[in-house]
Amino acid sequence: MKPTKSLFFIAGALTLFAVFAALVLMSAQTVSAIAPAEAAQQDLKDCLRCHEQPAALWESSPHREHNVSCTVCHKLADSAGTHPETAKYTVESEETTCLVCHGSASKENVASEMAASQHAAVGLNCVSCHEQHSQGLKVASEARTVCENCHKAEMRNMVESTHFAAGLSCVNCHMGDGKDHSMNISASTCSNCHTDLHQAREMLDAGVEVNAMANPKALVTQVPAEQTPPTAPQGGVHLPAWVYALAGVIIGGVAAWAVFGREPGSANRKKP
Amino acid sequence: MQTTIHRPKLQIGKHNVDIFPYWVGLLVAGLLFGLVGAFTVLRDGLQVTGLSNRVPWGLWISIDLSSIAMGGSAFVFGVIVYLLRLKRFETIGKLAVLLGFLGYSTAGMVLLFDLGQPLRFWHPVVFWQPHSLLWEVTMCVVLYLTVLVAEMAPIIVEHPFFTDHPLYKKFPVVKKAASAARTIAHWLHKAGPALAIIGLTLSLLHQASLGATYSVISGRGVWFNQSAPVQFVLSAMSGGTALLFFLGVIVFRVMRPGTVEDSALYDVARLSGGVTLLLTYLRLWDWAVTNYYSFDRNISLQTEALNAVAPYSLSFWIGQALLPIIAGSVLLAAKSIKNFRYLMAFAVIPIFAAILMRWNYNFSGLIAAPTYAPFTPTIIVNSYAPTWVEFSVAALVISYWLLMFSLAIRYLPLKAENER
Amino acid sequence: MTEHESKQVNAEENAGTTRRDFLKLAGAMVAAAGVTQFIPSAKIAARAASEEESKHQWGMLIDINRCIGCQYCTFACDAVNNLAEDMRYCVVTTETTQSGDEFFLSRPCMHCEEAPCVHVCPVGATYKRPDGIVAMNYDLCIGCRYCQIACPYEARVFNWKKPIKLSPQSPTFGYPEVPNRPRGVVEKCTFCSHRIDAGLERGLMPGVDSQATPACVVACPTSARVFGDLNDSESPISEALANAKVTLRLREELSTKPRVYYIPPDPKAENPFQGS
Ligand code: SF4
Ligand code: SF4
């Protein structure tokens, strides 16, 4: 064999090997993509050993249902070493994490709805409202709904309203059935229920709602008490009355004794 | 030579009752009640008090400041006896040392309960932070208490109660220990003048830094006051000396007649009167400087707020200006008044004025606190109501003070050196 | 006597110089301590060394115009430090401008350069780290609460009770990241120094990488908070400070030199949540 030929042979073999290797690697990736359940199981086994709290939230989440496990969002930061000691898992930006699935490619297209919203305009992102592990809503301990975290004044009005009494909440109008993340109210928002004034009347007259609406405040009282700013208490140091009485008795006693008492001790004596 | 100690008796019908056991019984009851509170606070922590993040210092700190003020006569008489060598005050000086010891040990005790971590009370002694005024106060109190103990020790160790005790005779070990203690006491006693001077420095230093503790807190308006250290020293002198006079009459005229000349007692009263007038003069200037010659928005807002919730200005004008002027003048004229009843009654005023001043000082910056709002600085009025635990611990330390004092004046030989 | 006099004169002249005077006094006392071997001199040395500045000086900028008062910073802080609701380090209040417009003021610890709390602590439990963070040593603190009284920003909280098991904001806003503090010590915002230290170790940049940035900054949905190294002109905070037309610090008249800057409310800026 001529040297050129053998070179070709080696190059060809290498190419073949490379292609083969690439195929194997790719297939391995496809495997992990088409068999997420196993990957999820593996993740759970590994991650759960330490990270119980996030795992507990994840266990009952939509992500869990669809086998979106830890490593889908948490990527191993590229640094040498092994996980707990040196290498760490991190989450990159929302574009490369949430929007991979919930982006414009998906059928929900949450991303573009969100982008069109006022929420996006003031800088909010997915995790502003969604707890990332449970994908539930981030309701602060002093709020009733996630909206109330920020829209406190609106919520104060809302709980006084007929809508609230009828069992509706913010999202009924602002998102609608389609869970529109742009939060916009469209022309059909009102007319969906109030097709005409008479029907509105009928709805008012219909059973449960009527009772609820007869006394909307009754429902209001069932929700956690409004966080009223504490009425400014009368400040100062509050001492019980007996302290003043005691001070009075001491001072009065000394004064009375000074006026009516006897001279203390015996008269002036020279030192012996 | 043994002085006869007269015991105050109460005439009930035909019986002549020694009230001492009943008095001690009452104090022991107070101690027991106090121990309940002390136990509660040590077990449950400071949540059982009425203190909060907004008013973190309360009744106990006021008691602490006041009891240190009540020990203020110790350093005054340290000067008089050891530096000026006025022999006729030596016996009174012993009583002053006793009052100093009681005042400082009471303060230490109540501070212990006020700490969030009482077991770490020794930390300031080991972990130094000399920038801190509180550190300085703590160190001074610790060192000064040591000095006072050293000054007290000879009186106690040489007491016949110990030397004549049956146990003492039975066990040679005890005897040896006691004689060792006596040697030390004797040695300390020799160092008396030096101790007194050290004590004087420490005491002056920290009476002043108690005031400075508050006056360096620039964020709280009324506290940020440069004359506070001087005011604290003078009020401790005036209140402490007035207390010394009051108790001195009881001890040296009623219980041990003949040990001290009346004229010496009059001089104590005059000293107290003089310092009271000086303090009042300074207070008035201080008032003028902060309220009249300058205007600080925070201070005026704070004063306004305090006046709305308490008779703050009134307590100043009556309790710390008018009455002390009267009392100071009367006490200053002790020699011509020559009526112990009147003098004692007026001596109560500087005592209460010193307590009132510390009370007001402690609470004024806490109750009316400036806020950090950037454009519309306002004053928040906080409130504080002491709980029973705080009163109970207060009862503990006050009972301790009274009990120790009662036992000491009944049993200890408070005598000048040359009379031993 | 002389010590006393010099101290008093000083106190009367200017409280600001009192400190210098105490330093002198301190020098004498430290010398005395060296003789008596009362304190390990290594401790003094350590403190002296810690006064040298480190490469980084952390700071924060809060844009009041962006703040919508949602308190996410508070909740994230509660969750990370495991705080009960009455122990909050970071609070959001509604304040008014001189013209009466309402705005939200979010207040962490200012990490003052001349921190009153550091100066007053009698045992040195509160100290300044070389990187400018005012930190606490919970093993030293005796719970005297002098620092609470000295802090002009009400930034310190005392552990009146035993620590709670889990903050009500957890797990929604995060998980506890630092050990609980015992009852009877004072605690405060740490600028999440645990995140900063761990982040720097891993080569992350606090203020840029969220794992190394204080939880409140990360949690803020409107990015009203900016964090970073004041010494580094490229850092997000230096840039934000350079771009800001006007900044202010709270109670600047006290010369505490806070490390937390604010962009004051601009009446022209549109903030849909203002005044709610
Ligand atoms: S804000 Fe308060 S706690 Fe924070 S550094 Fe300044 S004085 Fe200390
Ligand atoms: S409470 Fe703790 S940190 Fe604060 S001054 Fe006292 S010892 Fe220092």
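On a predicted model such as this, the values are computed, not experimentally measured, just so you know.

**Digging into the side chain of Thr106 of chain B**
Moving on, step 1. Note that Thr106 of chain B resides in helix α4 (residues 90–114).
Moving on, step 2. Exposure remark for Thr106 of chain B: the relative accessible area of 2% places this residue in the buried category.

**Some details on the interface of chain C and chain B**
It is common to give the size of an interface as the accessible area lost on bringing the parts into contact.
Moving on, step 1. Listed by partner, the interface residues are 66 residues for chain C and 60 residues for chain B.
Moving on, step 2. On the chain C side of the interface with chain B, the three residues burying the most area are Tyr146, Ile149 and Trp160 of chain C, jointly 14% of the side's total.
Moving on, step 3. At the surface where chain C touches chain B, the tally comes to two salt bridges.
Moving on, step 4. Measuring nitrogen to oxygen at the nearest pair gives 3.0 Å for the salt bridge that ties Asp114 of chain B to Arg145 of chain C.
Moving on, step 5. Our count for the contact surface shared by chain C and chain B stands at 26 residue pairs in polar contact (both at pLDDT 80 or more).
Moving on, step 6. Mapped by element, the contributors of at least two residues to the side of chain C that touches chain B are α1 (2–13), α2 (15–36), α3 (41–50), β2 (91–96), β3 (102–107), α5 (116–120), α6 (146–150) and β6 (156–158) of chain C.

**Describing the site of ligand 1**
Moving on, step 1. Not every one of the 14 residues close to ligand 1 is listed here, only the nearest: Cys109, Met110, Cys112, Cys117 and Cys151 of chain C.
Moving on, step 2. When its residues are assigned to classes, the shell around ligand 1 shows eleven nonpolar, one polar and two charged.

**Focus on the nonpolar core**
Moving on, step 1. Of all hydrophobic cores here, the largest spans 187 residues; its most connected members are Phe77, Ile92, Leu95, Phe245 and Phe405 of chain B together with Tyr262 of chain C.
Moving on, step 2. Of all the elements, helix α11 (residues 228–255) of chain B adds the most residues to this core, at 17 residues.
Moving on, step 3. Excluding its chain neighbours within four sequence positions, the residues that come into contact with Phe245 of chain B are Leu265, Val268, Ala269, Phe340, Leu343, Met344 and Ala347 of chain B.
Moving on, step 4. Residues Ala140 and Ala143 of chain A together with Tyr72 and Ala79 of chain C belong to the second largest nonpolar core, which totals 15 residues.

**Digging into the interface of chain C and chain A**
Moving on, step 1. Taken together, the contacts link 24 residues of chain C with 26 residues of chain A.
Moving on, step 2. Of the roughly 2000 Å² buried between chain C and chain A on both sides combined, carbon and sulfur atoms contribute 56%.
Moving on, step 3. Where chain C packs against chain A, one counts zero salt bridges.
Moving on, step 4. Taken together, chain C and chain A are joined by four residue pairs in polar contact (both at pLDDT 80 or more).
Moving on, step 5. Split by residue class, the side of chain C that touches chain A holds 13 nonpolar, seven polar and four charged.

**Side note on the packing of α11 of chain B against helix α17 (residues 388–411) of chain B**
All names here are of chain B.
Moving on, step 1. Between α11 and α17, the least distance of the axes is 11 Å, while the angle of their chain directions is 35°. Here the hand of the crossing between α11 and α17 comes out right-handed. Contacts between α11 and α17 pair Leu243, Leu247, Val251 and Met255 from the former with Trp401, Phe405, Ile409 and Arg410 from the latter.
Moving on, step 2. Of the residues belonging to the contact of α11 with α17, the class tally is seven nonpolar, no polar and one charged.

**Quick word on the packing of aromatic side chains**
Moving on, step 1. With the rule as written, the count across this model stands at 26 aromatic pairs over all chains.
Moving on, step 2. Relative to Tyr361 of chain B, the ring of Phe232 of chain B has its centre 5.4 Å away and its plane inclined at 80°; by these criteria the two rings are edge-to-face. Here the residue Phe232 of chain B occupies a position in helix α11, and Tyr361 of chain B occupies one in helix α16 (residues 340–367), the gap between them amounting to 129 residues. For the pair Phe232 of chain B and Tyr361 of chain B, one class covers both residues: buried.
Moving on, step 3. Pairwise contacts between aromatic rings join Trp57, Tyr214, Trp223, Phe232 and Tyr361 of chain B together with Tyr146 of chain C into one cluster.
Moving on, step 4. Its guanidinium or amino end placed over the ring of Phe20 of chain B, Arg410 of chain B lies 3.8 Å from that ring's centre, counting from NZ or CZ.
Moving on, step 5. In this structure, Arg145 of chain C is placed above the aromatic ring of Phe158 of chain C, and the distance from its NZ or CZ to the ring centre is 5.1 Å.

What counts, and at which threshold
Residues numbered from 1 in each chain as written. Chains lettered and ligands numbered in written order. Predicted model: local features only at pLDDT ≥ 70, side-chain atom pairs only at ≥ 80, totals over all residues. Heavy atoms only, no water. Helix = DSSP H or I, 4+ residues; strand = E, 2+ residues; numbered from the N terminus. Buried < 20%, exposed > 50% of the residue type's maximum accessible area, 1.4 Å probe, protein only. Contact = heavy atoms within 4.5 Å. Buried area = accessible area lost by both parts, 1.4 Å probe. Salt bridge = Lys/Arg side-chain N within 4 Å of Asp/Glu carboxyl O. Polar contact = N/O pair within 3.5 Å; in protein donor to acceptor, adjacent residues only side chain to side chain. Near = heavy atom within 4 Å. Nonpolar A, V, L, I, M, F, W, Y, C, P; charged D, E, K, R; others polar. Core = buried A, V, L, I, M, F, W, Y, C linked by side-chain atoms within 4.5 Å. Axes fitted to C-alpha atoms, helices over the stretch in contact; angles between N-to-C directions. Left-handed = near helix turned anticlockwise from the far one by under 90°. Phe/Tyr/Trp six-rings, centres within 6.5 Å; stacked < 30°, edge-to-face > 60°. Lys NZ or Arg CZ within 6 Å of the ring centre and 35° of its normal.

Everything listed here is a matter of geometry and, on its own, says nothing about what the molecule does.
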